[in-house]
Every structure is written in structure tokens, then in C-alpha cells.
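Spelled out, the chains give:
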Amino acid sequence: MTERYEVKNTRGERLAVAVHGQLGGECAAVMCHGMLSTKDSPKHVRVAESMASLGIPAVRFDFAGRGESEGSLFEMTYTRELEDLQSIIEWLATNGVRRVGLFGSSMGGAIALLAAARDERVVAVATVAAVAHPGALVDRYPSHVAAWRRDGYGETDEGRIGAAFLDDAAGHDVVWAASVLLAPVLVIHGTEDEIIPLSDAHDLACAARRARLIEVDD
């Protein structure tokens, strides 16, 4: 069973939400999709369905500017996505949820870790190909970032993202967030990932106090 909801973020934008299972208990899991993905990514649907089959309601939602949610892709930043996730956690609290597990992929994995470091209601985190160093874009993609700053936006297949994304990303320390967590962290990463290097997974797993690292070959 999947129920559809709308949740307003702190900026007044409507976030599209899908809930697998029945809210009402004290626990829930929240899926955080990647930068240009949506809540309907097959892996997020699969994890949500699996959680619900175990009796834990699972929430998929679109960050602002993605999927069915309101907002602009151009204004995407780590800070804004953190605000969106916090709005979802607060909404769950109004439904009696006191313990939250987070699952995030790519940028969503970084958002999950950053949120967990700020909210003691998050009691477990799992990531797939999480970004450990948001500010490393300049070093990893110098020509792309130079054009991004010159033009005032970065061009993607999904649309333009404003240059504010770059400065905002540099202000978030995901490795530090992992290091202060008391919650257990599961870090999953592909050994041949060409976008987010495997070293990011190692940095996160080494920093976290209670971590398990799974490397997926090829």
C-alpha cells in the first residue's frame, strides 16, 4: 500500500511524498534520492517496499525542484535539501514518529549524513555512493566548475543549476558529520564508480564510529 501526501518545506514549497506501509508507530525510514534523480528511482522504490514488508513504514519524497515537488532546480543547494529533509522528519514527528532511519544515494547520501549529525531522532543511516567531499567539485571537475562559475550556472540533462550550489557545497563537511554520529552507518559503494570515487566511501567509513563498509565489485 502506498499513500500520497504533500508536505510544505520551510520555504513554503510543496514536497511530493509517497509512504509505503502505515504510519502510526514510532519508527519510519526515509529515502533521499540523488542530485538529478527523483523519489521514483527504482532502487528507492525497492528499498521502501522492502522496509514496509518488514513492518517499518518507508517514505520517498522529491527534493524541491525535482520530480513532482515544487521549486526550482536552478536554486538547488545542499542547504536547501537539508531543509527539505528536516521538513519531512518534522512532518513524521507530527504523526508520532520518534525514531528515523535514513537511506540516501549520491548527494542524497551526503544529505542523510549531514541531517543525522544534526538530529538525534535519526538512529540509523545507510548510503549508496554517497558524496563525502561536496567541496571537491573544483578539484575533481575543474573545467566544468570554471564554466559553471563563468556562466552563472551548470548545464545538466535535467536543466540548469545556479552557481550558488558550488559555494554552498564547500560549506558542508560530510566526513565531520559521519564522525560525530552515534547512530550506526552502512556505507555501500561500487568499486568502479566513475562519478563518486571509492575513496569517498573509505573516508566516511573510517570517520564514523559505528560503520560497516560494503564494496560492490565492478
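Numbers given for residues are sequential positions, taken from 1 along each chain in its written order. Owing to the predicted nature of the model, reporting of local features is limited to residues with pLDDT of at least 70; listing and counting of side-chain atom pairs is limited to 80 or more, with chain, interface and lining totals taken over all residues. Heavy atoms from the whole structure form the basis of all side-chain values; hydrogens and water molecules are not counted.

**Details of the layout of surface pockets**
Empty space among the atoms can be located by rolling a probe the size of a water molecule over them. Spelled out, the test is: Put simply, the grid is 1 Å and covers the protein atoms alone, a cavity is a trapped set of points that fit a 1.4 Å probe, a pocket is an open set with protein on both sides within 12 Å along at least five of seven lines, and lining residues have an atom within 4 Å of a point. Grid points are joined across faces, edges and corners, and a volume is the space filled by probe spheres set on the points. Helix numbers and strand numbers start at the N terminus; a helix is a DSSP run of H or I with at least 4 residues, a strand a run of E with at least 2. Gly falls in the polar group here, along with every residue not listed as nonpolar (Ala, Val, Leu, Ile, Met, Phe, Trp, Tyr, Cys, Pro) or charged (Asp, Glu, Lys, Arg).
One number sums up the size of the largest pocket: a volume of about 800 Å³. Looking at the lining of the largest pocket, the elements with two or more residues in it are α4 (137–140), α5 (142–151) and β7 (153–156). In terms of residue count, α5 provides more of the lining of the largest pocket than any other element does, five residues in total. When the residues that make up the lining of the largest pocket are grouped by side-chain class, the tally is 17 nonpolar, five polar and four charged. The calculated volume of the second largest pocket comes to roughly 330 Å³. Lining the second largest pocket are 21 residues, and of these Ala29, Met51, Leu102, Phe103 and Ala126 sit closest to its centre. For the lining of the second largest pocket, the secondary structure elements donating two or more residues are β3 (27–32), α1 (42–53), β5 (99–105), β6 (122–128) and β9 (185–190). Looking at the lining of the second largest pocket residue by residue, the classes come out as 18 nonpolar, one polar and two charged.

**So, the nonpolar core**
Note the threshold: The nonpolar core is taken to be a set of buried Ala, Val, Leu, Ile, Met, Phe, Trp, Tyr and Cys residues, with the residues joined through side-chain atoms within 4.5 Å. Using a 1.4 Å probe on the protein chains alone, a residue whose accessible area is under 20% of its type maximum counts as buried, one over 50% counts as exposed, and one in between counts as partly exposed. Only heavy atoms enter the contact rule, under which two residues are in contact if any of them lie within 4.5 Å.
With 57 residues, the main nonpolar core has Val30, Tyr78, Leu85, Ile88, Leu92, Phe165 and Leu204 as its most contacted residues. A per-element tally of this core places helix α3 (residues 107–116) first, with eight residues. Those residues in contact with Leu92 that sit more than four places away from it in its chain are Leu23, Ala28, Val30, Val59 and Val97. Membership of the second largest hydrophobic core comes to six residues, among which are Met31, Ala58, Phe103 and Ala126.

**Here's the deal with the pairing of β5**
How we decide: Pairs of strands are assigned from DSSP output, requiring at least two bridges between the strands. A crossover gets the label right-handed when its path from the first strand over the helix to the second runs clockwise, viewed with the strands pointing away from the viewer.
For β5, a buried count of six out of seven residues is recorded, marking the element as mostly surrounded by other parts of the structure. Sheet topology places β3 next to β5; six bridges connect them, and they run parallel. Along β5, the bridge assignment pairs Met31 with Phe103. The pairing of β5 with β6 spans six bridges and is parallel. Considered in β6, the bridge of Gly104 is made with Thr127. Following the backbone out of β5, through α3 and into the adjacent parallel β6, one traces a crossover that is right-handed.

**A word on empty space enclosed by the protein**
Under the defined criterion, the tally for this structure stands at one cavity of 30 Å³ or more. Approximately 70 Å³ is the volume attributed to the largest cavity. What lines the largest cavity is Arg11, Glu13, Phe63, Ala64, Gly71, Ser72, Glu75, Met76, Arg80, Glu81 and Asp84. For the lining of the largest cavity, the class distribution of residues is three nonpolar, two polar and six charged.

**Some details on a negative patch on the surface**
For clarity, the threshold we go by: Every patch collects residues that have over 30% relative accessible area and no salt bridge, joining them within 9 Å if they carry like charges and within 5 Å if they are nonpolar side chains (Val, Leu, Ile, Met, Phe, Trp, Tyr). Reported accessibility uses the Shrake-Rupley method at a 1.4 Å probe radius. Residues are deemed covered only where the shown protein chains occlude them. Basic side-chain nitrogens of Lys or Arg form a salt bridge, by our definition, when they fall within 4 Å of a carboxyl oxygen of Asp or Glu. Charge assignment: positive for Lys and Arg, negative for Asp and Glu; neither His nor the chain ends contribute. In this description, the location of a charge corresponds to atom NZ of lysine, CZ of arginine, CG of aspartate or CD of glutamate.
The grouping of Glu192, Glu194, Glu215, Asp217 and Asp218 at the surface amounts to a negative patch. As for its position among the elements, Glu194 is in the loop between β9 and α8 (198–207). The class for Glu194 is exposed, based on a relative accessible area of 78%.

**Some remarks on the packing of helix α2 (residues 78–94) against α3**
Note the threshold: Note on geometry: axes are C-alpha line fits, over the in-contact stretch for helices, and angles between N-to-C directions span 0 to 180 degrees. A crossing counts as left-handed when the near helix is turned anticlockwise from the far one by less than a right angle, and as right-handed when that turn is clockwise.
Look at α2 against α3: their axes get within 10 Å of each other, and the N-to-C directions meet at 65°. Judged by the sense of rotation from one axis to the other, the crossing of α2 with α3 is right-handed. Where α2 abuts α3, its residues Tyr78, Glu81, Leu82 and Leu85 lie against Met107, Ala110, Ile111, Ala112, Leu114 and Ala115. Split into classes, the residues belonging to the contact of α2 with α3 amount to nine nonpolar, no polar and one charged.

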